[in-house]
Amino acid sequence: MGRLINVSNRVPLAKTAAPGGLAVGVLAAMRARGGLWFGWNGETTGQEPGEPEITIRDSLTYATIPLPQTLYERYYSGFANGTLWPLFHYFLAGFRYEDQEYAAYEQANALFASRLSPLLAPGDLIWVHDYHLIPLGEKLRALGVRQPVGFFLHIPFPHFEVLRALPTFAEIVRALLAYDLVGFQTETDRESFLNAVRVLWGAQSVGDGGTVVSGGRTIRTGVFPIGVDVQAITQSAAKAAGSAPVQRMMQSLVGRRLIVGVDRLDYSKGLLERFQAYRQFLESYPEQIGQVTFLQIAPLGRQKVQAYAQIRDELEQSSGRTNGRFADADWTPIRYLNRNFPHATLMGFLRAAQVCLVTALRDGMNLVAKEFIAAQDPDDPGVLVLSNRAGAACELTEALLINPYDTRGIAGAIQRALTMPLAERRARHATSLATLRENDIHRWHTRFIDELQAARGRSSGELAAGRLRRLQQSLSSS
Ligand code: ADQ
(Lines give C-alpha, C1' and ligand atoms only; values in the text may rest on other atoms or scores of the structure.)
Protein backbone atom coordinates (compact mmCIF):
# COMPACT_ATOMS: atom_id res chain seq x y z
CA MET A 1 0.00 0.00 0.00
CA GLY A 2 1.38 3.43 -0.96
CA ARG A 3 2.46 6.13 1.46
CA LEU A 4 -0.28 8.64 2.32
CA ILE A 5 0.62 12.30 1.83
CA ASN A 6 -1.88 14.70 3.38
CA VAL A 7 -1.72 18.33 2.34
CA SER A 8 -3.60 21.15 4.05
CA ASN A 9 -2.97 24.84 4.50
CA ARG A 10 -2.33 24.48 8.21
CA VAL A 11 -0.86 21.60 10.10
CA PRO A 12 -1.57 21.30 13.83
CA LEU A 13 2.11 21.96 14.64
CA ALA A 14 1.53 25.66 14.08
CA LYS A 15 1.44 27.46 17.42
CA THR A 16 -1.14 29.91 16.09
CA ALA A 17 -3.44 27.23 14.67
CA ALA A 18 -7.03 27.63 15.86
CA PRO A 19 -8.82 24.36 16.53
CA GLY A 20 -10.79 23.16 13.57
CA GLY A 21 -12.55 20.19 12.13
CA LEU A 22 -10.07 19.49 9.35
CA ALA A 23 -7.22 18.77 11.76
CA VAL A 24 -9.34 16.26 13.69
CA GLY A 25 -10.08 14.28 10.52
CA VAL A 26 -6.60 14.36 9.00
CA LEU A 27 -5.00 13.36 12.30
CA ALA A 28 -7.22 10.29 12.44
CA ALA A 29 -6.14 9.29 8.92
CA MET A 30 -2.47 9.89 9.79
CA ARG A 31 -2.68 7.85 12.99
CA ALA A 32 -4.25 4.95 11.12
CA ARG A 33 -2.01 5.05 8.04
CA GLY A 34 1.18 6.92 8.91
CA GLY A 35 2.73 8.89 6.04
CA LEU A 36 3.47 12.59 5.76
CA TRP A 37 1.51 15.79 6.43
CA PHE A 38 2.60 18.79 4.38
CA GLY A 39 1.51 22.39 4.93
CA TRP A 40 2.18 25.90 6.18
CA ASN A 41 4.06 26.19 9.50
CA GLY A 42 2.03 29.19 10.68
CA GLU A 43 4.93 31.66 10.21
CA THR A 44 5.51 34.41 7.66
CA THR A 45 8.88 35.56 6.30
CA GLY A 46 10.37 38.29 4.13
CA GLN A 47 11.59 35.89 1.46
CA GLU A 48 10.70 32.73 -0.49
CA PRO A 49 10.85 29.64 1.70
CA GLY A 50 13.55 27.02 1.17
CA GLU A 51 13.18 23.29 1.60
CA PRO A 52 10.45 22.08 3.97
CA GLU A 53 11.37 21.49 7.58
CA ILE A 54 10.74 17.93 8.69
CA THR A 55 9.36 17.40 12.20
CA ILE A 56 8.43 14.13 13.85
CA ARG A 57 5.93 14.44 16.66
CA ASP A 58 3.97 11.63 18.35
CA SER A 59 5.40 9.34 15.63
CA LEU A 60 3.77 11.38 12.85
CA THR A 61 5.90 13.11 10.21
CA TYR A 62 5.24 16.70 9.19
CA ALA A 63 6.88 18.74 6.43
CA THR A 64 6.23 22.46 6.72
CA ILE A 65 7.18 25.75 5.08
CA PRO A 66 6.68 29.39 6.07
CA LEU A 67 4.97 31.76 3.61
CA PRO A 68 6.12 35.20 2.44
CA GLN A 69 4.13 37.84 4.38
CA THR A 70 2.42 39.65 1.47
CA LEU A 71 1.65 36.40 -0.30
CA TYR A 72 0.11 35.00 2.87
CA GLU A 73 -2.09 38.03 3.38
CA ARG A 74 -3.41 38.05 -0.18
CA TYR A 75 -3.76 34.29 -0.47
CA TYR A 76 -5.00 33.36 3.02
CA SER A 77 -6.81 36.41 4.45
CA GLY A 78 -7.62 37.60 0.92
CA PHE A 79 -8.77 35.03 -1.60
CA ALA A 80 -9.23 31.99 0.66
CA ASN A 81 -11.04 33.67 3.55
CA GLY A 82 -12.28 36.94 2.03
CA THR A 83 -13.56 35.40 -1.23
CA LEU A 84 -13.96 31.62 -1.22
CA TRP A 85 -15.12 31.11 2.38
CA PRO A 86 -18.04 33.60 2.22
CA LEU A 87 -18.93 32.58 -1.33
CA PHE A 88 -19.01 28.86 -0.58
CA HIS A 89 -21.12 29.56 2.54
CA TYR A 90 -23.58 31.67 0.48
CA PHE A 91 -22.62 35.01 2.11
CA LEU A 92 -22.60 37.14 -1.00
CA ALA A 93 -22.95 40.31 1.04
CA GLY A 94 -19.63 39.60 2.77
CA PHE A 95 -17.84 38.50 -0.38
CA ARG A 96 -15.23 40.47 -2.30
CA TYR A 97 -13.02 39.79 -5.31
CA GLU A 98 -9.56 41.26 -6.08
CA ASP A 99 -7.46 40.15 -9.08
CA GLN A 100 -4.24 40.34 -7.13
CA GLU A 101 -5.63 38.16 -4.35
CA TYR A 102 -6.65 35.52 -6.86
CA ALA A 103 -3.15 35.73 -8.41
CA ALA A 104 -1.64 35.25 -4.94
CA TYR A 105 -3.90 32.21 -4.40
CA GLU A 106 -2.53 30.64 -7.60
CA GLN A 107 1.01 31.62 -6.62
CA ALA A 108 0.75 30.17 -3.10
CA ASN A 109 -0.54 26.91 -4.56
CA ALA A 110 2.35 26.83 -7.06
CA LEU A 111 4.74 27.40 -4.16
CA PHE A 112 3.20 24.55 -2.14
CA ALA A 113 3.47 22.28 -5.21
CA SER A 114 7.11 23.17 -5.87
CA ARG A 115 8.14 22.43 -2.26
CA LEU A 116 6.04 19.28 -1.99
CA SER A 117 6.91 17.55 -5.28
CA PRO A 118 10.58 16.77 -4.41
CA LEU A 119 9.33 14.86 -1.34
CA LEU A 120 7.11 12.53 -3.36
CA ALA A 121 7.92 8.90 -4.17
CA PRO A 122 6.41 6.78 -6.97
CA GLY A 123 3.94 4.76 -4.84
CA ASP A 124 2.51 7.73 -2.92
CA LEU A 125 -1.16 8.68 -2.66
CA ILE A 126 -1.70 12.42 -2.28
CA TRP A 127 -4.76 13.73 -0.43
CA VAL A 128 -5.31 17.50 -0.65
CA HIS A 129 -7.68 19.15 1.83
CA ASP A 130 -10.00 22.10 1.48
CA TYR A 131 -10.68 25.35 -0.30
CA HIS A 132 -7.26 26.94 0.28
CA LEU A 133 -5.67 24.39 -2.03
CA ILE A 134 -8.07 23.80 -4.93
CA PRO A 135 -5.41 24.55 -7.63
CA LEU A 136 -2.74 22.39 -5.98
CA GLY A 137 -3.56 19.29 -8.06
CA GLU A 138 -3.15 21.26 -11.29
CA LYS A 139 0.17 22.72 -10.11
CA LEU A 140 1.46 19.26 -9.11
CA ARG A 141 0.48 17.85 -12.51
CA ALA A 142 2.32 20.73 -14.20
CA LEU A 143 5.46 19.64 -12.34
CA GLY A 144 5.08 16.11 -13.69
CA VAL A 145 3.47 14.46 -10.64
CA ARG A 146 1.67 11.33 -11.90
CA GLN A 147 0.63 9.69 -8.65
CA PRO A 148 -3.08 9.64 -7.77
CA VAL A 149 -4.13 12.95 -6.24
CA GLY A 150 -7.46 13.32 -4.43
CA PHE A 151 -9.20 16.39 -3.07
CA PHE A 152 -11.72 16.70 -0.25
CA LEU A 153 -13.79 19.83 0.28
CA HIS A 154 -14.58 20.26 3.98
CA ILE A 155 -16.96 23.17 3.37
CA PRO A 156 -20.09 23.36 1.18
CA PHE A 157 -19.87 23.69 -2.62
CA PRO A 158 -22.30 26.44 -3.66
CA HIS A 159 -25.09 26.28 -6.18
CA PHE A 160 -24.11 27.57 -9.62
CA GLU A 161 -26.12 30.80 -9.27
CA VAL A 162 -23.97 31.68 -6.23
CA LEU A 163 -20.73 30.26 -7.60
CA ARG A 164 -20.82 32.41 -10.70
CA ALA A 165 -20.57 35.58 -8.64
CA LEU A 166 -16.87 34.71 -8.68
CA PRO A 167 -15.23 36.07 -11.85
CA THR A 168 -12.80 33.13 -11.91
CA PHE A 169 -15.35 30.42 -11.13
CA ALA A 170 -14.58 28.45 -14.31
CA GLU A 171 -10.88 28.27 -13.36
CA ILE A 172 -11.86 26.95 -9.92
CA VAL A 173 -14.10 24.24 -11.40
CA ARG A 174 -11.45 23.35 -14.01
CA ALA A 175 -8.77 23.11 -11.30
CA LEU A 176 -10.83 20.45 -9.53
CA LEU A 177 -10.73 18.34 -12.68
CA ALA A 178 -6.96 17.88 -12.30
CA TYR A 179 -7.67 15.44 -9.43
CA ASP A 180 -8.45 11.74 -9.73
CA LEU A 181 -11.07 11.88 -6.99
CA VAL A 182 -13.01 14.87 -5.66
CA GLY A 183 -14.92 14.33 -2.40
CA PHE A 184 -17.75 16.32 -0.85
CA GLN A 185 -19.56 16.26 2.50
CA THR A 186 -23.09 15.87 1.09
CA GLU A 187 -24.88 14.85 -2.08
CA THR A 188 -26.13 18.44 -2.43
CA ASP A 189 -22.53 19.71 -2.58
CA ARG A 190 -21.54 17.12 -5.15
CA GLU A 191 -24.61 17.86 -7.24
CA SER A 192 -23.79 21.60 -7.19
CA PHE A 193 -20.30 20.81 -8.48
CA LEU A 194 -21.55 18.45 -11.20
CA ASN A 195 -24.11 21.02 -12.21
CA ALA A 196 -21.36 23.63 -12.64
CA VAL A 197 -19.47 21.12 -14.83
CA ARG A 198 -22.59 20.57 -16.95
CA VAL A 199 -23.15 24.29 -17.39
CA LEU A 200 -19.53 24.82 -18.42
CA TRP A 201 -18.92 21.78 -20.62
CA GLY A 202 -22.32 20.31 -21.47
CA ALA A 203 -24.47 17.53 -20.02
CA GLN A 204 -22.37 14.82 -21.74
CA SER A 205 -19.32 15.75 -19.63
CA VAL A 206 -20.91 14.07 -16.57
CA GLY A 207 -21.21 10.30 -16.74
CA ASP A 208 -22.75 7.56 -14.64
CA GLY A 209 -22.09 7.63 -10.90
CA GLY A 210 -20.98 11.26 -11.00
CA THR A 211 -17.82 10.75 -13.05
CA VAL A 212 -16.53 13.60 -15.18
CA VAL A 213 -14.69 13.00 -18.44
CA SER A 214 -12.21 15.73 -19.24
CA GLY A 215 -9.12 15.80 -21.47
CA GLY A 216 -9.23 12.01 -21.98
CA ARG A 217 -9.22 11.41 -18.21
CA THR A 218 -11.97 10.19 -15.91
CA ILE A 219 -12.43 12.10 -12.67
CA ARG A 220 -14.42 10.41 -9.93
CA THR A 221 -16.55 12.35 -7.49
CA GLY A 222 -17.91 11.01 -4.22
CA VAL A 223 -19.79 11.86 -1.05
CA PHE A 224 -17.76 11.22 2.11
CA PRO A 225 -19.52 12.74 5.13
CA ILE A 226 -16.83 13.25 7.75
CA GLY A 227 -17.50 11.50 11.06
CA VAL A 228 -16.01 11.43 14.55
CA ASP A 229 -14.15 8.81 16.56
CA VAL A 230 -17.24 7.72 18.48
CA GLN A 231 -15.53 5.30 20.83
CA ALA A 232 -12.67 7.64 21.73
CA ILE A 233 -15.05 10.57 22.35
CA THR A 234 -17.41 8.49 24.49
CA GLN A 235 -14.48 7.38 26.62
CA SER A 236 -12.78 10.76 26.89
CA ALA A 237 -16.07 12.54 27.68
CA ALA A 238 -16.89 10.07 30.46
CA LYS A 239 -13.39 10.45 31.87
CA ALA A 240 -13.37 14.26 31.56
CA ALA A 241 -16.70 14.49 33.39
CA GLY A 242 -14.77 13.78 36.60
CA SER A 243 -11.90 16.15 35.78
CA ALA A 244 -11.22 19.34 37.75
CA PRO A 245 -12.24 21.88 35.05
CA VAL A 246 -15.54 20.13 34.29
CA GLN A 247 -16.32 19.58 37.98
CA ARG A 248 -15.62 23.26 38.73
CA MET A 249 -17.90 24.33 35.90
CA MET A 250 -20.65 21.97 37.13
CA GLN A 251 -20.38 23.24 40.70
CA SER A 252 -20.66 26.82 39.49
CA LEU A 253 -24.06 25.98 37.92
CA VAL A 254 -25.47 25.22 41.39
CA GLY A 255 -28.00 22.76 40.00
CA ARG A 256 -29.02 24.85 36.96
CA ARG A 257 -29.31 23.07 33.66
CA LEU A 258 -26.67 23.64 31.01
CA ILE A 259 -27.11 24.67 27.39
CA VAL A 260 -23.85 24.55 25.46
CA GLY A 261 -22.42 25.84 22.17
CA VAL A 262 -18.88 25.20 20.87
CA ASP A 263 -17.77 26.84 17.63
CA ARG A 264 -14.87 28.64 16.06
CA LEU A 265 -15.86 32.30 16.12
CA ASP A 266 -17.18 32.60 12.58
CA TYR A 267 -20.16 34.38 11.03
CA SER A 268 -21.19 31.13 9.29
CA LYS A 269 -21.86 29.47 12.64
CA GLY A 270 -24.99 31.57 13.32
CA LEU A 271 -23.83 32.75 16.74
CA LEU A 272 -25.60 36.08 16.62
CA GLU A 273 -28.89 34.44 15.67
CA ARG A 274 -28.26 31.89 18.45
CA PHE A 275 -27.78 34.63 21.04
CA GLN A 276 -30.98 36.32 19.84
CA ALA A 277 -32.84 33.00 20.01
CA TYR A 278 -31.66 32.44 23.57
CA ARG A 279 -32.91 35.91 24.53
CA GLN A 280 -36.21 35.07 22.82
CA PHE A 281 -36.32 31.81 24.80
CA LEU A 282 -35.98 33.68 28.11
CA GLU A 283 -38.72 36.09 27.00
CA SER A 284 -41.09 33.37 25.77
CA TYR A 285 -40.57 30.99 28.69
CA PRO A 286 -40.06 33.23 31.75
CA GLU A 287 -40.33 30.17 34.02
CA GLN A 288 -36.83 29.27 32.75
CA ILE A 289 -35.26 32.53 33.96
CA GLY A 290 -32.63 31.62 36.53
CA GLN A 291 -33.06 27.88 35.79
CA VAL A 292 -30.58 27.48 32.91
CA THR A 293 -27.11 28.70 31.95
CA PHE A 294 -25.93 29.02 28.37
CA LEU A 295 -22.18 28.39 27.98
CA GLN A 296 -20.86 29.49 24.58
CA ILE A 297 -17.23 28.68 23.79
CA ALA A 298 -15.94 30.42 20.66
CA PRO A 299 -12.18 30.77 20.25
CA LEU A 300 -10.93 33.54 18.00
CA GLY A 301 -9.24 32.91 14.65
CA ARG A 302 -8.82 34.76 11.33
CA GLN A 303 -8.74 38.04 13.24
CA LYS A 304 -7.14 39.86 10.33
CA VAL A 305 -10.24 39.41 8.21
CA GLN A 306 -12.54 42.43 8.74
CA ALA A 307 -15.78 40.43 8.90
CA TYR A 308 -14.42 38.54 11.91
CA ALA A 309 -13.65 41.68 13.92
CA GLN A 310 -17.22 42.82 13.26
CA ILE A 311 -18.90 39.60 14.38
CA ARG A 312 -16.75 39.62 17.49
CA ASP A 313 -18.00 43.09 18.46
CA GLU A 314 -21.60 42.18 17.70
CA LEU A 315 -21.45 39.07 19.86
CA GLU A 316 -19.97 40.95 22.79
CA GLN A 317 -22.76 43.51 22.56
CA SER A 318 -25.47 40.89 22.18
CA SER A 319 -24.37 38.76 25.14
CA GLY A 320 -23.90 41.94 27.20
CA ARG A 321 -27.48 43.03 26.39
CA THR A 322 -28.94 39.68 27.45
CA ASN A 323 -26.91 39.56 30.63
CA GLY A 324 -27.72 43.21 31.38
CA ARG A 325 -31.42 42.55 31.03
CA PHE A 326 -31.84 39.13 32.67
CA ALA A 327 -28.88 38.54 35.02
CA ASP A 328 -29.32 38.45 38.76
CA ALA A 329 -26.81 38.88 41.57
CA ASP A 330 -26.26 35.10 41.55
CA TRP A 331 -26.99 34.23 37.91
CA THR A 332 -25.43 35.05 34.54
CA PRO A 333 -27.65 33.87 31.66
CA ILE A 334 -24.85 33.66 29.04
CA ARG A 335 -21.25 32.77 29.73
CA TYR A 336 -19.43 33.70 26.56
CA LEU A 337 -15.77 32.61 26.36
CA ASN A 338 -13.27 33.37 23.57
CA ARG A 339 -10.75 30.71 24.48
CA ASN A 340 -9.51 27.26 23.54
CA PHE A 341 -9.85 24.23 25.74
CA PRO A 342 -8.19 20.83 25.46
CA HIS A 343 -10.44 18.66 23.31
CA ALA A 344 -11.08 16.23 26.20
CA THR A 345 -12.31 19.06 28.46
CA LEU A 346 -14.68 20.22 25.74
CA MET A 347 -16.05 16.71 25.47
CA GLY A 348 -16.63 16.78 29.24
CA PHE A 349 -18.59 20.07 28.87
CA LEU A 350 -20.65 18.53 26.08
CA ARG A 351 -21.47 15.52 28.25
CA ALA A 352 -22.52 17.76 31.12
CA ALA A 353 -25.02 19.69 28.97
CA GLN A 354 -28.75 18.99 28.65
CA VAL A 355 -28.93 20.85 25.34
CA CYS A 356 -26.39 21.60 22.59
CA LEU A 357 -27.06 24.41 20.13
CA VAL A 358 -25.65 24.05 16.61
CA THR A 359 -27.28 26.83 14.61
CA ALA A 360 -24.89 27.27 11.66
CA LEU A 361 -26.28 29.40 8.84
CA ARG A 362 -24.37 27.08 6.50
CA ASP A 363 -21.82 24.39 7.41
CA GLY A 364 -20.05 21.67 5.43
CA MET A 365 -20.71 19.12 8.17
CA ASN A 366 -20.26 20.40 11.77
CA LEU A 367 -18.35 17.99 13.94
CA VAL A 368 -19.50 19.52 17.22
CA ALA A 369 -23.01 18.20 16.52
CA LYS A 370 -21.58 14.70 16.15
CA GLU A 371 -19.23 15.07 19.12
CA PHE A 372 -22.18 16.08 21.33
CA ILE A 373 -24.09 12.88 20.48
CA ALA A 374 -20.97 10.73 21.02
CA ALA A 375 -20.21 12.44 24.37
CA GLN A 376 -23.63 11.78 25.96
CA ASP A 377 -24.47 9.32 28.69
CA PRO A 378 -26.87 6.98 26.81
CA ASP A 379 -28.94 6.43 29.97
CA ASP A 380 -29.63 10.15 30.41
CA PRO A 381 -28.71 11.88 27.16
CA GLY A 382 -29.01 15.55 26.30
CA VAL A 383 -30.79 16.85 23.19
CA LEU A 384 -29.19 18.30 20.07
CA VAL A 385 -30.80 21.36 18.47
CA LEU A 386 -29.38 21.32 14.95
CA SER A 387 -29.47 23.65 11.98
CA ASN A 388 -31.09 22.18 8.88
CA ARG A 389 -28.38 24.03 6.91
CA ALA A 390 -25.46 22.04 8.36
CA GLY A 391 -24.30 18.91 6.50
CA ALA A 392 -24.75 16.94 9.74
CA ALA A 393 -28.55 17.36 9.43
CA CYS A 394 -28.54 14.82 6.55
CA GLU A 395 -27.51 12.10 9.01
CA LEU A 396 -28.73 13.34 12.41
CA THR A 397 -32.41 13.40 11.54
CA GLU A 398 -33.39 12.60 15.16
CA ALA A 399 -32.01 15.92 16.40
CA LEU A 400 -34.46 18.82 16.79
CA LEU A 401 -33.91 20.36 13.37
CA ILE A 402 -34.36 24.12 13.14
CA ASN A 403 -34.02 26.91 10.60
CA PRO A 404 -31.11 28.99 11.98
CA TYR A 405 -32.76 32.28 10.94
CA ASP A 406 -35.96 31.43 12.85
CA THR A 407 -35.16 32.71 16.34
CA ARG A 408 -38.67 31.91 17.64
CA GLY A 409 -38.38 28.38 16.25
CA ILE A 410 -35.01 27.90 17.98
CA ALA A 411 -36.42 29.25 21.26
CA GLY A 412 -39.26 26.71 21.00
CA ALA A 413 -36.78 23.90 20.26
CA ILE A 414 -34.72 24.81 23.35
CA GLN A 415 -37.84 24.60 25.49
CA ARG A 416 -38.85 21.30 23.88
CA ALA A 417 -35.35 19.90 24.48
CA LEU A 418 -35.39 20.93 28.15
CA THR A 419 -38.80 19.37 28.74
CA MET A 420 -38.40 16.23 26.60
CA PRO A 421 -39.32 12.98 28.41
CA LEU A 422 -36.44 10.62 29.17
CA ALA A 423 -37.79 7.82 26.93
CA GLU A 424 -37.88 10.13 23.91
CA ARG A 425 -34.40 11.48 24.64
CA ARG A 426 -33.02 7.95 24.86
CA ALA A 427 -34.71 6.82 21.66
CA ARG A 428 -33.53 9.83 19.66
CA HIS A 429 -30.00 9.52 21.03
CA ALA A 430 -29.78 5.77 20.33
CA THR A 431 -30.76 6.27 16.68
CA SER A 432 -28.28 9.12 16.19
CA LEU A 433 -25.48 7.20 17.90
CA ALA A 434 -26.05 4.15 15.69
CA THR A 435 -25.75 6.39 12.61
CA LEU A 436 -22.52 7.92 13.91
CA ARG A 437 -21.04 4.50 14.69
CA GLU A 438 -21.80 3.26 11.21
CA ASN A 439 -20.15 6.23 9.55
CA ASP A 440 -17.36 7.19 11.92
CA ILE A 441 -14.05 8.93 11.23
CA HIS A 442 -12.29 5.66 10.34
CA ARG A 443 -14.85 4.88 7.68
CA TRP A 444 -14.44 8.41 6.29
CA HIS A 445 -10.71 8.19 5.66
CA THR A 446 -10.75 4.50 4.73
CA ARG A 447 -13.44 5.03 2.09
CA PHE A 448 -11.67 8.06 0.62
CA ILE A 449 -8.25 6.40 0.52
CA ASP A 450 -9.65 3.16 -0.93
CA GLU A 451 -11.36 5.09 -3.72
CA LEU A 452 -8.19 7.05 -4.40
CA GLN A 453 -6.19 3.83 -4.48
CA ALA A 454 -8.69 2.43 -6.99
CA ALA A 455 -8.16 5.57 -9.07
CA ARG A 456 -4.48 4.59 -9.35
CA GLY A 457 -5.48 1.30 -11.04
CA ARG A 458 -7.92 3.12 -13.29
CA SER A 459 -5.53 5.86 -14.34
CA SER A 460 -2.76 3.38 -15.16
CA GLY A 461 -5.42 1.32 -17.02
CA GLU A 462 -6.45 4.43 -18.97
CA LEU A 463 -2.83 5.24 -19.76
CA ALA A 464 -2.24 1.68 -20.97
CA ALA A 465 -5.43 1.78 -23.06
CA GLY A 466 -4.32 5.11 -24.55
CA ARG A 467 -0.90 3.69 -25.43
CA LEU A 468 -2.54 0.63 -27.01
CA ARG A 469 -4.89 2.83 -29.06
CA ARG A 470 -1.98 4.94 -30.31
CA LEU A 471 0.01 1.79 -31.19
CA GLN A 472 -2.95 0.34 -33.14
CA GLN A 473 -3.43 3.65 -34.94
CA SER A 474 0.24 3.83 -35.95
CA LEU A 475 0.17 0.17 -37.14
CA SER A 476 -2.95 0.70 -39.24
CA SER A 477 -1.55 3.88 -40.81
CA SER A 478 1.82 2.29 -41.68
P1 ADQ B 1 -14.91 23.86 11.36
O2 ADQ B 1 -15.61 24.99 10.68
O3 ADQ B 1 -13.71 24.19 12.13
O4 ADQ B 1 -14.57 22.70 10.34
P5 ADQ B 1 -16.43 21.85 13.04
O6 ADQ B 1 -16.81 20.78 12.10
O7 ADQ B 1 -17.48 22.15 14.04
O8 ADQ B 1 -16.06 23.22 12.33
O9 ADQ B 1 -15.13 21.39 13.81
C10 ADQ B 1 -14.56 22.11 14.86
C11 ADQ B 1 -13.63 21.21 15.67
O12 ADQ B 1 -12.82 22.02 16.52
C13 ADQ B 1 -14.39 20.25 16.58
O14 ADQ B 1 -13.71 19.04 16.65
C15 ADQ B 1 -14.39 20.98 17.92
O16 ADQ B 1 -14.47 20.11 19.05
C17 ADQ B 1 -13.05 21.69 17.89
N18 ADQ B 1 -13.12 22.93 18.68
C19 ADQ B 1 -14.01 23.92 18.54
N20 ADQ B 1 -13.82 24.87 19.48
C21 ADQ B 1 -12.79 24.47 20.23
C22 ADQ B 1 -12.09 25.00 21.38
N23 ADQ B 1 -12.46 26.13 21.97
N24 ADQ B 1 -11.05 24.30 21.87
C25 ADQ B 1 -10.67 23.14 21.31
N26 ADQ B 1 -11.30 22.57 20.24
C27 ADQ B 1 -12.33 23.22 19.71
C28 ADQ B 1 -14.57 22.55 8.91
C29 ADQ B 1 -15.93 22.78 8.24
C30 ADQ B 1 -16.98 21.89 8.88
C31 ADQ B 1 -16.53 20.44 8.84
C32 ADQ B 1 -15.11 20.28 9.33
C33 ADQ B 1 -14.57 18.87 9.09
O34 ADQ B 1 -16.31 24.15 8.33
O35 ADQ B 1 -18.23 22.03 8.25
O36 ADQ B 1 -17.39 19.66 9.66
O37 ADQ B 1 -14.22 21.18 8.70
O38 ADQ B 1 -14.67 18.50 7.76
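Given the structure is predicted, the values throughout are model-derived calculations rather than measurements.

Points about the pairing of strand β13 (residues 355-358)
Phase 1: Of the two faces of β13, the one holding Val-355 and Leu-357 and the one holding Cys-356 and Val-358 are both buried throughout.
Phase 2: Across 2 bridges, strand β10 (residues 257-262) lies against β13 in parallel orientation. Counterpart to Val-260 in the pairing with β13 is Cys-356.
Phase 3: Taken together, the 4 bridges between β13 and strand β14 (residues 383-387) define a ladder with parallel strand orientation.

A closer look at the packing of aromatic side chains
Phase 1: Tallied over the full model, the rule gives 31 aromatic pairs.
Phase 2: Considering the side-chain rings of Phe-152 and Phe-448, the 6.3 Å spacing of their centres and the 85° angle between planes classify their relative orientation as edge-to-face. A residue pair is termed long-range when its members are at least 10 positions apart, and Phe-152 in strand β6 (residues 149-152) and Phe-448 in helix α16 (residues 441-477) qualify at 296 residues.
Phase 3: Three or more aromatic residues joined by ring pairs make a cluster, and in this case those are Trp-40, Tyr-72, Tyr-75, Tyr-76, Phe-79, Tyr-97, Tyr-102 and Tyr-105.
Phase 4: Across the ring face of Phe-341, the terminal group of Arg-339 is positioned such that the distance to the ring centre comes to 3.8 Å.

Considering the domain arrangement of the chain
Frequently, the measure chosen for interface size is the accessible area removed from exposure when the parts meet.
Phase 1: Taken domain by domain, the chain holds domain 1 (4-227 + 441-456) and domain 2 (230-429).
Phase 2: Between the C-alpha centres of domain 1 and domain 2 there is a distance of 30 Å.
Phase 3: With 25 residues of domain 1 at the interface, the matching set in domain 2 holds 22 residues.
Phase 4: In total, about 1800 Å² of surface goes out of reach between domain 1 and domain 2, with carbon and sulfur atoms giving 66% of it.
Phase 5: The tally of links from domain 1 across to domain 2 stands at 0 salt bridges.
Phase 6: Examining the composition of the side of domain 1 that touches domain 2, we find that 8 residues originate from one element, helix α2 (residues 69-88), more than from any other.
Phase 7: Taken together, the residues of the side of domain 1 that touches domain 2 break down into 14 nonpolar, 10 polar and 1 charged.

Some details on the packing of helix α9 (residues 244-252) against helix α12 (residues 343-352)
Phase 1: Where α9 meets α12, the closest approach of the two axes is 9 Å, and the angle between their N-to-C directions is 35°. Here α9 and α12 pass one another in a crossing that is right-handed. Contacts between α9 and α12 involve Pro-245, Val-246, Met-249 and Met-250 on the former and, on the latter, Thr-345, Gly-348, Phe-349 and Ala-352.
Phase 2: Tallied by class, residues from the contact of α9 with α12 come to 6 nonpolar, 2 polar and no charged.

Some details on the site of the ligand
Phase 1: The local shell around the ligand holds 27 residues, among which His-154, Arg-264, Asp-363, Leu-367 and Glu-371 are the closest.
Phase 2: With respect to the ligand, the side chain of His-343 contributes an N or O atom lying 3.3 Å from an oxygen atom.
Phase 3: Elements represented by at least two residues in the shell around the ligand include exactly α1 (21-33), α12 and α13 (367-375).
Phase 4: Per-class residue counts for the shell around the ligand are 14 nonpolar, 8 polar and 5 charged.
Phase 5: Shared between two domains, the shell around the ligand holds at least three residues of each, these being domain 1 (4-227 + 441-456) and domain 2 (230-429).

Some details on the sheet that holds strand β12 (residues 334-337)
Phase 1: Pairing within the open sheet is parallel, and its 6 strands lie in the order β12-β11-β10-β13-β14-β15. Every interior strand has two partners, whereas the edge strands, β12 and β15 (400-402), have only one. For this sheet, the mean angle separating the axes of adjacent strands, direction not counted, is 20°.
Phase 2: Along the sheet face, helix α10 (residues 271-284) touches β10, β11 (292-297), β12 and β13 and points at about 175° away from the line of β11.

Some remarks on unusual backbone geometry
Phase 1: Positive phi, normally seen in glycine, also occurs at Tyr-90, with a value near 70°.
Phase 2: By the element assignment, Tyr-90 lies in the loop between α2 and α3 (99-116).
Phase 3: Its identity is not glycine, yet Asp-130 carries a phi of approximately 80°, on the positive side.
Phase 4: With respect to the helices, strands and loops of the structure, Asp-130 is situated in the loop between β5 (125-129) and α4 (136-142).
Phase 5: Among the residues examined, Asp-130 registers a relative accessible area of 5% and is labelled buried.

The rules behind the values
- Residues numbered from 1 in each chain as written.
- Predicted model: local features only at pLDDT ≥ 70, side-chain atom pairs only at ≥ 80, totals over all residues.
- Heavy atoms only, no water.
- Buried < 20%, exposed > 50% of the residue type's maximum accessible area, 1.4 Å probe, protein only.
- Helix = DSSP H or I, 4+ residues; strand = E, 2+ residues; numbered from the N terminus.
- Pairing = 2+ DSSP bridges.
- Phe/Tyr/Trp six-rings, centres within 6.5 Å; stacked < 30°, edge-to-face > 60°.
- Lys NZ or Arg CZ within 6 Å of the ring centre and 35° of its normal.
- Domains from an automatic or database assignment.
- Contact = heavy atoms within 4.5 Å.
- Buried area = accessible area lost by both parts, 1.4 Å probe.
- Salt bridge = Lys/Arg side-chain N within 4 Å of Asp/Glu carboxyl O.
- Nonpolar A, V, L, I, M, F, W, Y, C, P; charged D, E, K, R; others polar.
- Axes fitted to C-alpha atoms, helices over the stretch in contact; angles between N-to-C directions.
- Left-handed = near helix turned anticlockwise from the far one by under 90°.
- Near = heavy atom within 4 Å.
- Polar contact = N/O pair within 3.5 Å; in protein donor to acceptor, adjacent residues only side chain to side chain.

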